[in-house]
Structures are given as structure tokens and as C-alpha cells.
Amino acid sequence: MASRTGHTKLSFEVLRRNPIVEEDSFLHRTKSDPTTLPDRKKRKHRASKKKKKLLDPVDSVADSGDPNRENELPIVNGRACNGFGIDAMRYCGNGGSVVYEEASETSVCAVTAAPEVGSSFPKTVRGSMDGFNFGELRQRNVNSSSEDLVASVMGDDGEIGKGDDSVKASTVEVETPRKEPERSVLTKSETVESVDWKRIMEEDPNYVFTVDRSPVAYFLEEMYNGNSLRSTTTLGNETERERVYDTIFRLPWRCELLIDVGFFVCFDSFLSLLTIMPTRILMTIWRLLKTRQFKRLSTMELSDFGCFIIMSCGVVLLQRTDISLIYHMIRGQGTIKLYVVYNVLEIFDKLCQSFNGDVLQTSFHSAEGLASCPPENMRFWLWRFVCDQALAVVASIVHSFILLAQAITLSTCIVAHNNALLALLVSNNFAEIKGNVFKRYSRDNVHSLVYFDSVERFHISAFILFVLAQNILEAEGPWFESFLYNIFLVYVCEMVIDIIKHSFIAKFNDIKPIAYSEFLEDLCKQTLNLQTEGVKKNLTFVPLAPACVVIRVLTPVYAANLPQNPLPWKIFWILLFLTMTYVMLTSLKVLMGMCLQKHATWYINRCRRRKHHLHAD
């Protein structure tokens, strides 16, 4: 390997024997060469004025027969180059780019020129590589646009020319004609891979995509090319198959089971409001009358009295409402306006349900503070409890009127003979799918959405009870069969829409069917009054407004069936009907509560055994 020396000189005889070097060519020499520019500052000043100097390619520098060739190295741009640099300069004349990097830091020579498409590595470079131990030889393609091309060589440490013994860069620049049509112009964003691909496309015609085929050949190629839908579909795997069967079979069953259990939990809370709460109030009043001593009420007793006040105010105001007037006002509207009114009322129903739950929790908190506060703070907590109770009464009354108007609208659609019920179901249910399916949901949001569907299912049952009461009072002719058909249609549509909605919500949000089983486990823990991890996992249902509507609807039915007797007998029949209703509702409450607790205990134990088996495996 040639090494750099400060005593190397290039004779003028060698330059005279070189026929290719033209008059305008310029070779930079080392400091020891007498032909070097006398003033180095002038050369730097000239380089600052001229950004780039143009040189013609050099084919050879010294004659091969010169005996001093082994000791004297050609000087290019002030740097010493070995034989590989000379051969690389020949290759630059053909339009290539060669960068030579040695393993040692003694000598580096780089020559760069504009590449031409289809140029190959020259034999002279390959021949020079046989006799020398080169570190790395790389061929690069650089930009051949109208700008000049510059190649720089860096040492192993990434630094350029910090001393006499450090690695320096040598640049030979060749002017490229501007109007050369066969020379490709590369942008800075093009990588080496894209350049190689273009070269393959130009050299090998097999890589050129053509469509000059006959229709028969195209048809035969499509027939023997595999799946006919390969351009728009992909091959599935076991995971995709499981997703399909989850959407069709596993998730609908678990979703419907969860909604039904939530419905019965709401029904149990509704029965507790009509049976347990009046019993506890009567027991508290009896205790106060028996002892004749007024004691501070407990939190549960204050909460029971507050709920009784709310329900009584709602029933009294609804009793003064003319249902027939509202019924005829809604019935006089067009079919389109019916389902629009129903959708608006449904939206306000959900808003009031959520807000009333917060208001009732606030009222219970004030009741707890009033029951446990010291005597000096009694006045503050009393006023706070009264304010919260008044807010709860107003919110419950508004919710009661919304539910009553929604029940009247559904009754109008069922009684109408112009397919108003079908239009209502189609518009309402498919609007629900559109508003929920194509949105992003988290796991907690899906959990809350299932509980909203359970509450909605209970509200629909209350509306159907209102329709039944109206038919008992006002219907003429055979109406029961038509009523059963319409009710069956309403329930089936609601069930199918809920299944479709939750199936595709789970599919789009990647929620497994096992998540609905976990939701059901949380609901069973709530049924057994077990502490859950968060409030979002609890089913929030306030039965005050539905209870007001049901009592308002059933009161005319009881009044219509009272016998026409004197006042004492009427009171007797009223008490008899109330007792019979209370016994039936209490029996239903006990049966419902025991069944829910039995199911909750069985399901929680089943989930625990399954988790134990999974951990054991």
C-alpha cells in the first residue's frame, strides 16, 4: 500500500508524457512541490470566489514504465493517491462514482463524477484491487443534474483533514452537459434502492409491466391465479373466525342475559318503592305514636320520608293532568311528527334519568348529615336537606311528565291504523343504531350503555302498562289480540336492535364477549350489596317517576271497578283493593328478590370456580 511522504515530487517529464491532461486542467500538489501556488491564501481567496471549479476527467497521470512510480505518487488536489486513484479517475471519465476507503488512516483517494445509467465497474479498478489490500470499496450514484458534483471522503473517525497525518478529501469535479437527454436526473429524495430499481427496469425488460394481453389470456390467468377476490380481501385466521362467531352467537346471548337481569333489578327496585318503603314509614309512625317521644330520625328513615314526599307530589300533580286532552293533541299530529316527538322525549328521558340519580344521591347525603350532625349544626343541615329535597321534587315531577307524554305517544301509535307504530319503531331503533354503532367506546362506556338499555326496557314496560290501562277504560270491541300483537312487535324490535347494536359495538371496539360476563358479575355483586370497585359499575335507577306514572294510570282503573255503594262501603272496597294489591306486590317482591339473590350467588360462585381453574391450568 502506498504511503504518503512529504519528499515526493512530480516531475514535469511525467506531465509531458501524459497526453490526456489538457491545458486548462489543474492538479493540486503538496507543499513540497515547487509548482504549487506560491501563496496558499490566494488559493483560498480564489476558492471562496468560485464555489466550484470544473476539471476535465484525467485518464492517467504517469507512465507505467516510469521507474519512480513506486516511490512517487500522483498528486490530486494536493493529496497523494495510489494506483487505485488513477484507475478510479479513468472510471470517472466514463461516468461512474468510486469511493475508496482504506482500513488504515494513511491514504484516501476519492474521485467522483456524474454517473451514467448502465455504466459498469471498470476493469482497471478491479485489476488494481488484486494487488492492494483495500479496506472497503463502494460504488455510489450521485446527482447528475445541472449542478456540479462533489465527492468527499472521510476517515474512520468521521473527521476531515485536521493535520498532516489525518485523512483528507480529494475532489475531482466534472461539468455535465445541461442538454443531455439520455442522462437521468435524480432528486435528493431518491434513495439508492429507488435508483437500483430504475436501473433494473431500464436494463431488464421483463420488469416492465404491460397490459398488452389478449382477453382470453387475461381470463385464463385470473382463473389459475388463486382466489378471485385476492385484490379486495385477505385470507383469514383463527382470530378472525372467532370474531365472526362472537358477533353472531356468543355476544348476543350474553348481552341479552345482562339486559334482562338489569331489567329485573330495576323491577325489584320499583317493587321496593311500592312495598318496602310504605311499610317502613308505617312502622316509624307507629313507633312514634306508641312511645310519644320524638327522636331524631335515622338516615334510612329520613330517606324513606323524602322519597314518599317526592312520589306523593308527583302523583298529585299527575292526577290533575288531563290525559285525554294530551292524547288527542298528539293524535292530531302527522305520522312523521309522532316519531319525532317520541325521539325527543326519549332523549330527555335519558337526561332526566341521569340527573335525577345525582339529585337523589345528594338528598340522601344531606339526610345522612342531618341524622348525624351535632345539635349546634342542626339548623344548617335542616335547611340543606330541605333545599335538596325541593330540588329532587322538581326534577322528579319533570321526569314524570316526560314519561307520561312518552307513554301517550306510544299509545297513540299503537291505536292508530296507519302503520304509525311501524314507522315509530323503524325510525327510533335505526336512529339508535346510527347514533351508537359507529362511535368509539371504551369498556366503561359500554358498561354504562348496557345499563341504559336495561332502564329503557323497564320504561317500555311501564308504557305498555299505560296502554293496557287505556284500552281497559276506553277500547271498544275485540282489542286484546291486537294489543298482544303490537306489544310483541315492540319487544321483539327492541330486543333485536339491542343485540345488533351491542354486537357491532363490541366488534368495532374489539371488546370480547367475556366482558359482558364480567359486567353481569358486577351486577350480581350489586344485587348482593357487595362493594364494587367503582361507581361506574353500578346500575343507577330512580323508580320515582315511573312509579308516579303507574299509580296515575292504575287509579282510574280501580275507580272504574268500584261498586256503586254508599261511602262507608266505598272506603271498604278501596281498602280491600289496596290490601290485595299490596299483598300481590309484596309476594312478587319477595319472589323477585329471592330469585335475584339466588342467581347472583350462583353466578358469582361459578365465575370464581372458572377463574380458579384458569389459574390452576
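Residues numbered from 1 in each chain as written. Predicted model: local features only at pLDDT ≥ 70, side-chain atom pairs only at ≥ 80, totals over all residues. Heavy atoms only, no water.

*Asks:* Any chance you could explain the overall build of the protein chain here in plain terms?
*Replies:* Helix and strand counts for the protein chain come out as 18 helices and five strands. Looking at the protein chain as a whole, 39% of its 617 residues are labelled buried. For the protein chain, restricting intrachain contacts to residue pairs at least 6 apart in sequence, the fraction spanning at least 24 positions comes to 77%. Total accessible area on the protein chain stands at roughly 37,100 Å², and carbon and sulfur atoms take up 60% of it. (Helix = DSSP H or I, 4+ residues; strand = E, 2+ residues; numbered from the N terminus. Buried < 20%, exposed > 50% of the residue type's maximum accessible area, 1.4 Å probe, protein only. Contact = heavy atoms within 4.5 Å. Areas by Shrake-Rupley, 256 points an atom, 1.4 Å probe, with all protein chains shown as cover.)

*Asks:* Honestly, helix α18 (residues 567-616) in this entry has me stumped. Any pointers?
*Replies:* An α-helical turn contains 3.6 residues, so a residue and the one three or four places further along point in the same direction. Here α18 is 50 residues long and its end C-alpha atoms lie 73 Å apart, about the 74 Å a rise of 1.5 Å per residue gives. Looking only at α18, the buried set comprises F577, T581, K589, M592, G593, L596, A600, Y603, I604 and C607. Where the residues of α18 are buried, they touch α7 (238-274), α8 (276-291), α16 (514-527) and α17 (544-560). (Expected span 1.5 Å × (residues − 1).)

*Asks:* Explanation requested: the pattern of salt bridges in the structure shown.
*Replies:* Note that side chains of opposite charge can pair when their charged atoms are close. Tallied over the entire structure, the rule returns 15 salt bridges. The shortest N-O distance in the salt bridge between E256 and R457 comes to 3.2 Å. Taken as a pair, E256 in helix α7 and R457 in helix α14 (residues 443-474) lie far apart in primary sequence, 201 residues in all. An identical accessibility class is assigned to E256 and R457; each is buried. In this structure, a network of salt bridges that share partners links the residues E256, D260, E432, D453, R457, D498 and K501. (Salt bridge = Lys/Arg side-chain N within 4 Å of Asp/Glu carboxyl O.)

*Asks:* Is there a simple way to explain the packing of aromatic side chains in this structure?
*Replies:* The description of an aromatic ring pair rests on the distance of the ring centres and on the angle between the ring planes. Enumeration over the complete set of coordinates arrives at 20 aromatic pairs. Centroid distance W573 to F577: 6.1 Å. Interplanar angle 45°. Geometry classified as tilted. Here F577 and W573 lie together in helix α18, a separation of four residues that amounts to about one turn. What links up through ring pairs into an aromatic cluster is the set F263, F264, F267, F270, F458 and F541. (Phe/Tyr/Trp six-rings, centres within 6.5 Å; stacked < 30°, edge-to-face > 60°.)

*Asks:* What is the right way to look at the nonpolar core in this model?
*Replies:* One recurring pattern in soluble globular proteins is that nonpolar side chains are buried together. M311 and Y516 are the most contacted members of the largest nonpolar core, which has 83 residues in total. It is α14 that contributes the most residues to this core, 13 residues altogether. Not counting chain neighbours up to four residues away, the residues in contact with Y516 comprise L251, R254, C255, L258, V446, V450, H502, A506 and I511. If you look at the next biggest cluster of nonpolar residues, it comprises eight residues, including L297, C373, W381 and F385. (Core = buried A, V, L, I, M, F, W, Y, C linked by side-chain atoms within 4.5 Å.)

*Asks:* Just to check I follow, could you spell out α17 for this structure?
*Replies:* A rise of 1.5 Å per residue sets the reference length of α17, with its 17 residues, at 24 Å; its end C-alpha atoms lie 25 Å apart and thus fit the reference within 8%. What α17 keeps buried is the set L544, A545, P546, A547, C548, V549, V550, R552, V553 and V557.

*Asks:* How do you make sense of the packing of α7 against α16 when you look at a structure like this?
*Replies:* The angle between the axes and the distance between the axes are what describe a pair of packed helices. For the pair α7 and α16, the least separation of the axes is 9 Å and the interaxial angle reads 15°. Classified by the angle their axes make, α7 and α16 are roughly parallel. In terms of crossing hand, the pair formed by α7 and α16 is left-handed. Between α7, through L251, R254, C255, L257, L258, V261, G262 and V265, and α16, the contact on the second element is made entirely by I514, Y516, S517, F519, L520, L523 and T527. A class-by-class count of the residues in the contact of α7 with α16 yields 11 nonpolar, three polar and one charged. (Axes fitted to C-alpha atoms, helices over the stretch in contact; angles between N-to-C directions. Parallel < 35°, antiparallel > 145°, perpendicular 65-115°, else oblique. Left-handed = near helix turned anticlockwise from the far one by under 90°. Nonpolar A, V, L, I, M, F, W, Y, C, P; charged D, E, K, R; others polar.)

*Asks:* Where do I start with the confidence of the model for the protein chain in this structure?
*Replies:* Segments scoring low in pLDDT should not have their predicted coordinates read at a detailed level. Taken over all residues, the pLDDT of the protein chain has a mean of 74, while the share at 70 or more is 64%. This model gives residues 1-38 a pLDDT under 50, and the stretch forms 63 contacts once residues within four places in sequence are excluded. The low-confidence segment residues 51-186 (pLDDT under 50) makes 239 contacts with residues lying over four places distant or belonging to another chain. (pLDDT = per-residue confidence, 0-100.)

*Asks:* What is the right way to look at the packing of helix α12 (residues 378-415) against α14 in this model?
*Replies:* It is at 9 Å that the axes of α12 and α14 come closest, and there the two elements cross at 60°. With respect to their mutual orientation, α12 and α14 come out oblique. Where α12 crosses over α14, the handedness of that crossing is right-handed. Contact residues: α12 offers H399, L403, L404, Q406, A407, I408, L410, S411, I414 and V415, while α14 offers H459, F463, F466, V467 and N471. Residues that form the contact of α12 with α14 fall into these classes: 10 nonpolar, five polar and no charged.

*Asks:* How should unusual backbone geometry be read in this particular structure?
*Replies:* Most peptide bonds take the trans form, and the phi angle of most residues other than glycine is negative. Phi angles above zero are rare outside glycine, and D510 is one such case at about 55°. Following the sequence through the fold, D510 ends up in the loop between α15 (480-508) and α16. Positive phi, close to 60°, is recorded for N529, a residue that is not glycine.

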